[in-house]
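Residue strings, one per chain:
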Amino acid sequence: MQLTHTGLEVRDAIALPRPGATVRAEAQRRDAYSVQVTTDAHSAFDAVAELVAGRSVAVLTDTTVEALYGPALIRHLRACDADPLVHAVPPGEGSKSLERACGLWDWLAGSRLARRDVLVNFGGGVIADLGGWVASAYMRGLPYLNLPTTLLAQVDGALGGKVAVNHPSAKNLLGAFHQPIGVVAHVGFLRSTSARHMRAGLAEAIKKAVIASPELWAFIDERADAILAGDVVALERLVSAAAAIKTALIARDPYEVDLRRPLNYGHTVGHPVETLSAYDGSVLHGEAVAFGMVVETRIAAARGWTEPWLLDGLIDLLRRCRLPTRAADLATALDGGALVAAMEKVRQIRAGSLRYVLPVALGETVIADDVTEDELAAALEASGVVMR
């Protein structure tokens, strides 16, 4: 009998397995997105409007960014026939919590947004992480794009699809892998970023220079003052370079099947430092990473693995950028025993092994999982941490 219909026709004839045979399930997914770096706000908002065209839009931001740039973004989206919902959370790491995420799911559940609509994360790294994780779980995966407003977010936090919120026992303990549909980084937003947050953002760019780019190292070494002073040309080059490096490294293993990743340089120590601060803002992510890079490079130097100049050169560059290289430079007191205990949670997250990214030369690292407690203690003590 021939049926007349207007729907999508699907025909399957799937062979059944033999009795007792094992059934193999397969699932594959490949994501790709553009990272656009602009020096013009109108171009940035045009890029956002193009990415969300034809879909309903929700905007997640913080109260500071909402006051500074929210009206301009909303006007632009409305002019492009999008009338977004807007929700602002308090700024700072304290908003990156399970409780805040639950409130955002309630907000979305009461809205008109459907599964193919878009969440725009408009803010710094906290907003990118929080909004990305909320999007990853809402309706089993809501599309989102990042419009980062801080240097840390533009060179790192808004890229890569790792999204999470914090837990009292560890940073980023509750999270997922959920790639954005696009990233639009307007360096003009950085005019309102504080000097301290600019320095913290630069730490993540220095990290990428050490692990992957002598060229970027030379650029930062020469242009650090201009970057921190807000030079638009220098910032555009820095953000583009950092984005190219991170996306290239992420593409090798976007879902961290292999936990040995150069991008974790400075984080094995840095994340526990943040945990000890209780995410109260006293230690920024980039500051913790800067301190962690020094400790981990000290371990490499003690083993004789790194070029002799690299430890001193790293410390010199970080100090010129007014980033912490010793425990006394951090705004929270570090107890060696508590820090080591916090690192045990990192071990659990990383499949039972503490892996340190040890730099050998610019662009060359060794991922070591055999660093002893004595080696760690020596590096921490050399960095001013009191070990009891």
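The structure this text deals with has already been given above.
Residues numbered from 1 in each chain as written. Predicted model: local features only at pLDDT ≥ 70, side-chain atom pairs only at ≥ 80, totals over all residues. Heavy atoms only, no water.

1. So, unusual backbone geometry
Right, on to step 1. You will see that Met 139, though not glycine, has its phi angle at about 55°, which is positive.
Right, on to step 2. Judged by its relative accessible area of 34%, Met 139 falls in the partly exposed class.
Right, on to step 3. At Ala 278, a position not held by glycine, the phi torsion is positive, near 60°.
Right, on to step 4. Looking at where Ala 278 falls in the secondary structure, it is placed in the loop between α9 (267-276) and α10 (285-302). (Buried < 20%, exposed > 50% of the residue type's maximum accessible area, 1.4 Å probe, protein only. Helix = DSSP H or I, 4+ residues; strand = E, 2+ residues; numbered from the N terminus.)

2. Brief notes about the side chain of Arg 298
Right, on to step 1. Assignment of secondary structure puts Arg 298 in helix α10.
Right, on to step 2. As a buried residue without a salt bridge, Arg 298 has its nearest oppositely charged side chain in Asp 312, at a separation of 6.8 Å.
Right, on to step 3. The residues touching Arg 298, leaving out its near neighbours within four places in the chain, are Leu 311, Ile 315, Ala 379, Ala 382 and Ser 383. (Lys, Arg positive; Asp, Glu negative; His and termini not counted. Salt bridge = Lys/Arg side-chain N within 4 Å of Asp/Glu carboxyl O. Contact = heavy atoms within 4.5 Å.)

3. Focus: the pairing of strand β9 (residues 356-361)
Right, on to step 1. Summarising burial for β9: 6 of the 6 residues are buried, a large majority.
Right, on to step 2. In the sheet, β9 pairs with strand β10 (residues 364-368) via 5 bridges, with the strands oriented antiparallel. Bridge pairing links Tyr 356 to Ala 368 in β10.
Right, on to step 3. Counting the residues between successive antiparallel strands, the hairpin from β9 to β10 contains 2 residues, one of them, Gly 363, with a positive phi of roughly 85°. (Pairing = 2+ DSSP bridges.)

4. So, helix α6 (residues 195-212)
Three or four residues apart is the spacing at which side chains of an α-helix point the same way, because the helix has 3.6 residues per turn.
Right, on to step 1. The terminal C-alpha atoms of α6, which comprises 18 residues, lie 26 Å apart, in line with the 26 Å expected from a rise of 1.5 Å per residue.
Right, on to step 2. Counting buried positions over the 18 residues of α6 gives 14, a clear majority of the element. (Expected span 1.5 Å × (residues − 1).)

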